[in-house]
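# Chains, contacts and geometry: an overview
This is what each chain is made of:
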Protein chains: 2
Amino acid sequence: MLKTPYLLFLGDAPDQLAAKVAQGIKDWRPQFCLGQLRLEGCKADLGLPDMSLEEARAAGAQTLVVGAANRGGIIAPSWIETLVAATRAGMDIASGLHNRLSDLPELVEAARQAGTELFDVRVPQQAYPIADGKPRTGKRCLAVGTDCSIGKMYTALAMEREMLARGMQATFRATGQTGILITGSGVPLDAVVADFMAGAVEWLTPDNDPNHWDLIEGQGGLFHPSFSGVTLALIHGGQPDALVLCHEPTRTHLRGLPHYALPSLEALRDLALGVARIVNPAVEVIGVSVNTAALSAEEARKCLEDIEVRMGLPTVDPFRDGAGRLVDAL
Amino acid sequence: MLKTPYLLFLGDAPDQLAAKVAQGIKDWRPQFCLGQLRLEGCKADLGLPDMSLEEARAAGAQTLVVGAANRGGIIAPSWIETLVAATRAGMDIASGLHNRLSDLPELVEAARQAGTELFDVRVPQQAYPIADGKPRTGKRCLAVGTDCSIGKMYTALAMEREMLARGMQATFRATGQTGILITGSGVPLDAVVADFMAGAVEWLTPDNDPNHWDLIEGQGGLFHPSFSGVTLALIHGGQPDALVLCHEPTRTHLRGLPHYALPSLEALRDLALGVARIVNPAVEVIGVSVNTAALSAEEARKCLEDIEVRMGLPTVDPFRDGAGRLVDAL
């Protein structure tokens, strides 16, 4: 569990897209964000107050979150001086990049001396149990996709926001590094050892109030040969009561696999329902979430209408329309 | 890859069952087994020559394989002296037990001095790629089960033996610690990090001669909530051309999960075929392998006949009948 509030470190991000993790934190957890720290040459700007380490610390910042990636997705050598200084100023550091904070000897030593912590959120922070498949109290919703990287996290976060705005009990449960940085906790599921995947998801979504909903971040895809096992563990560990189907209508093949076509929404519905019923016979598909960013407003409207008629399910683009109709369907 | 031949270490196994790993090696790879080494009080006997370390080494033994488990499945403190002596005698050591050879400082130091190796076969020995899902040359057969521990390894080994006896090209591909110790190589799939499971299986079953069959050791079960993700990664990484359904007719619930009934063979067939077709549209279920050890000969015959009629598939108990009819069906 990361300590809040955060100072978001943008490094020398060459453009706004390179700071998309920081942008996600600011969009979904603005209350965690005190300010941003940018190095010389940084081209990203979140519209947060620019703060020095000293200013941020004085304002109460607990954790410096590495919210940008350079080419290669690693911690740049030019950043290390700032990370060490943040540690010396008394802040924890959190990163989801490929190389680890804990592999930087200078930083490890500085953190040891300062008594602060380094969080590599790609690395499981604890041992997880083997799943026992027992029913749990409370409700769970999981987004499953026709492909990876198709809007599953966005959908779950948008549903959580809408539910909290309505006064419902809801918690987004992060299963990937970006989600973990956004919410401050979760399970980096793709880094968990095979035998413990489903158990990690059970651990993440424990017994809860009967009216409480976990909005579980999806991973991979049942039809994606590289990552389908992760997805099935998520379904069997999560025991969802509700599934949301996620889709991107212009994508022509699976991400990274040009020789695999995307499955249809019907095929996804049938397979996901079939395997989810093994652990929760009452599970239902409650709606479709479509990422229409590549379409014009008119094309998007038509696309959503067509899918809604075809599937007989509420169909929205949560970015354009919000997630209200998905929440209604719960 | 373990170096052969082996000296099989039975420790002070309290009964024959405690030496079942060694028994498996002797049953399936007798040509690897020079002899057995038993400590005071050992109640197991494989019928192999009893050898001292010196005798085994003089006879050419390359690896001492820990082939027994005490209660708890750990390397017993009373065994360490023998393991250290084997190392000093110039042998590698291989173990599939829960605690690691590499965590025993005395043994690690002895192996360093002797220049020998310690193989904890539960621990992945290398980094695996992310699966790319591309078709590969050669043929692959995978056993899938209505539950865990239901005869999948036995079935694949029996098919391999039958195929080799017929002069066919066939290789058993181990995916668990017992299979790895039996054959000397493989992937400990349940210990692989989630993102790399399917890639590890692709790595294990690479391009091969068009007439060559990999007999892939199954793991877990698609209907077993604790381990289903491992099974799906095995199916999607293995791209099987042929599936064999494995079943145990007297089991009343999933192993370790009394609140889950076993699925029917029909349900297993439909789900396994559905997900396997994603990566190999030509996949077929070619037969059923039933573990009838709990039945009388007469009950077993009736059970196999009933399933054969019901499923319309060759149905055998490979332990009673051999795997000939399954191989015919390939």
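Residues numbered from 1 in each chain as written. Chains lettered and ligands numbered in written order. Predicted model: local features only at pLDDT ≥ 70, side-chain atom pairs only at ≥ 80, totals over all residues. Heavy atoms only, no water.

## Observations regarding the overall build of chain A
The number of helices and strands found in chain A is 12 helices and 11 strands. The C-alpha atoms of chain A give a radius of gyration of 20 Å, which matches the 20 Å a tight globule of 330 residues would have. Each principal axis of the C-alpha atoms in chain A carries an extent, and together these give about 55 × 45 × 45 Å. Out of the 330 residues belonging to chain A, those deemed buried represent 57%. Nonlocal contacts in chain A, meaning residues at least 24 apart in sequence, comprise 75% of its contacts between residues at least 6 apart. When the accessible area of chain A is evaluated, it comes to approximately 13200 Å², of which 52% is carbon and sulfur surface. Considering chain A, the positive charge centre built from 29 side chains and the negative charge centre built from 39 side chains are found 2 Å apart. (Helix = DSSP H or I, 4+ residues; strand = E, 2+ residues; numbered from the N terminus. Rg over C-alpha atoms; globule rule 2.2 N^0.38 Å. Buried < 20%, exposed > 50% of the residue type's maximum accessible area, 1.4 Å probe, protein only. Contact = heavy atoms within 4.5 Å. Areas by Shrake-Rupley, 256 points an atom, 1.4 Å probe, with all protein chains shown as cover. Lys, Arg positive; Asp, Glu negative; His and termini not counted. Charge placed at Lys NZ, Arg CZ, Asp CG, Glu CD.)

## Observations regarding the UniProt feature "domain: D-glutamate N-acetyltransferase-like N-terminal" (unreviewed entry) in chain A
In the UniProt entry, the feature "domain: D-glutamate N-acetyltransferase-like N-terminal" (unreviewed entry) is given for residues 39-124 of chain A. Segment residues 39-124 of chain A splits into 29% helix and 13% strand. End C-alpha atoms: 30 Å apart. (UniProt positions renumbered as here; feature names shortened; annotations may be inferred.)

## Quick word on the state of the cysteines
Any covalent bond linking the sulfur atoms of two cysteines counts as a disulfide. Residues and elements named next belong to chain B. The final tally for this structure, using the stated rule, is 0 disulfides over all chains. Here Cys33 stays free of any disulfide, with the sulfur of Cys42 as its closest cysteine sulfur at 15 Å. Taking relative accessible area as the criterion, Cys33 reaches 11% and is therefore assigned buried. (Disulfide = S-S within 2.5 Å.)

## What about the sheet that holds strand β10 (residues 284-290) of chain B?
All names here are of chain B. Pairing in this open sheet of 6 strands is parallel, and the strands run β7-β8-β6-β9-β10-β11 from one edge to the other. Both edges of this open sheet fall to β7 (170-173) and β11 (315-316), since each of them pairs with a single strand only. As judged from the 4 bridges shared by β7 and strand β8 (residues 213-216), these two strands associate in the parallel manner. Bridging across to β8, Arg173 finds its partner in Ile216. (Pairing = 2+ DSSP bridges.)

## A look at the UniProt feature "domain: D-glutamate N-acetyltransferase-like C-terminal" (unreviewed entry) in chain A
Here, UniProt's "domain: D-glutamate N-acetyltransferase-like C-terminal" (unreviewed entry) annotation points to residues 130-327 of chain A. In residues 130-327 of chain A, helix accounts for 39% and strand for 15%; the two terminal C-alpha atoms are 32 Å from one another.

## Comments concerning the relation of the copies chain B and chain A
Relating one copy of the chain to the other requires a rotation about an axis plus a shift along that axis. Mapping chain B onto chain A leaves a residual RMSD of 0.0 Å; the transformation is a rotation of 180° accompanied by 0.0 Å of translation along its axis. The two molecules are tied by a two-fold rotation axis, judged by turn and shift. A share of 100% of the interface residues of chain B reappears at the interface of chain A, consistent with the copies meeting face to face through the same patch. (Least-squares fit on C-alpha atoms with pLDDT ≥ 70 in both.)

## Thoughts on the sheet that holds strand β7 (residues 170-173) of chain A
Backbone hydrogen bonds hold the strands of a sheet together, and the pairing may be parallel or antiparallel. All names here are of chain A. Taking strand neighbours across the sheet as the criterion, the 6 strands line up as β7-β8-β6-β9-β10-β11 in an open arrangement whose pairing is parallel. This sheet does not close on itself; its edge strands, each paired only once, are β7 and β11 (315-316). One ladder, built from 5 bridges, connects strand β6 (residues 139-145) with strand β9 (residues 242-247); its direction is parallel. Each bridged residue has a counterpart across the sheet, and for Ala143 the counterpart in β9 is Val244. The strands that helix α5 (residues 152-165) touches are β6, β7, β8 (213-216), β9 and β10 (284-290); relative to β7, the one it contacts most, it runs at about 160°. Across the sheet, helix α9 (residues 265-279) touches β6, β9 and β10, and the angle it forms with β9 is around 150°. (Axes fitted to C-alpha atoms, helices over the stretch in contact; angles between N-to-C directions.)

## Describing the pairing of strand β9 (residues 242-247) of chain B
All names here are of chain B. The buried fraction of β9 is high, at 6 of 6 residues. Of the two faces of β9, both are covered, the one formed by Ala242, Val244 and Cys246 as well as the one formed by Leu243, Leu245 and His247. Pairing between β9 and β10: 6 bridges, direction parallel. Within β10, the position partnered with Val244 by the bridge is Gly287. At this point the chain moves from β9, through helix α9 (residues 265-276), to the parallel β10, and the crossover so formed is right-handed. (Right-handed = clockwise from strand over helix to strand, strands pointing away.)

## As for the interface of chain B and chain A
Between chain B and chain A, the contact holds 34 residues from the first and 35 residues from the second. Interface of chain B and chain A: buried area, both sides summed, is about 2600 Å²; carbon and sulfur atoms make up 64% of it. The tally of links from chain B across to chain A stands at 0 salt bridges. Connecting chain B to chain A are 12 residue pairs in polar contact (both at pLDDT 80 or more). Looking at the side of chain B that touches chain A, the element that brings in the most residues is helix α8 (residues 228-238) of chain B, giving 6 residues. Of the residues that constitute the side of chain B that touches chain A, the class distribution is 22 nonpolar, 8 polar and 4 charged. (Buried area = accessible area lost by both parts, 1.4 Å probe. Salt bridge = Lys/Arg side-chain N within 4 Å of Asp/Glu carboxyl O. Polar contact = N/O pair within 3.5 Å; in protein donor to acceptor, adjacent residues only side chain to side chain. Nonpolar A, V, L, I, M, F, W, Y, C, P; charged D, E, K, R; others polar.)

## Quick notes on α5(A)
Residues and elements named next belong to chain A. With 14 residues, α5 ought to run about 20 Å at 1.5 Å a step, and its terminal C-alpha atoms sit 20 Å apart, in line with that. Three or more residues of α5 are buried, namely Lys152, Thr155, Ala156, Leu157, Ala158, Met159, Glu160 and Met163. Positive backbone phi, approximately 80°, marks Gly167, located one or two places after α5. (Expected span 1.5 Å × (residues − 1).)

## Details of unusual backbone geometry
Put simply, A:Thr4 and A:Pro5 share a cis peptide bond, and its omega is 0°. For A:Pro5, the position within the fold is in the segment before β1 (6-11). Phi at A:Gln239 takes a positive value of approximately 45°, unusual for a residue other than glycine. In this fold, A:Gln239 is placed in the loop between α8 (228-238) and β9. When its relative accessible area of 7% is taken as the criterion, A:Gln239 is described as buried. In this model, B:Ser149 sits at a positive phi of 50°, which is unusual for a non-glycine residue. Its place among the elements puts B:Ser149 in the loop between β6 (139-145) and α5 (152-165).

## Observations regarding the side chain of A:Glu248
All names here are of chain A. Within the fold, Glu248 resides in the loop between β9 and α9. No salt bridge is formed by the buried Glu248; the nearest opposite charge belongs to Arg251, separated by 4.1 Å. Separated by 3.0 Å, the side chains of Glu248 and Thr250 make a polar contact. In contact with Glu248, not counting residues within four places along its chain, are Thr146, Ile150, Leu262 and Asn291.

## Some words on the packing of aromatic side chains
One pair of aromatic rings is described through two measures. These are the centre distance and the angle between the planes. Residues and elements named next belong to chain A. Counted by the stated rule, this structure contains 10 aromatic pairs over all chains. Geometrically, the ring pair formed by Tyr6 and Phe32 is edge-to-face, given 5.6 Å between the ring centres and 75° between the ring planes. In this pair, Tyr6 is assigned in strand β1 and Phe32 in the loop between α1 (20-28) and β2 (33-38), connecting sequence segments 26 residues apart. The pair Tyr6 / Phe32 is uniform in exposure class, with both members buried. An aromatic cluster is built from Trp28, Tyr154 and Phe319, whose rings are joined through pairwise contacts. (Phe/Tyr/Trp six-rings, centres within 6.5 Å; stacked < 30°, edge-to-face > 60°.)

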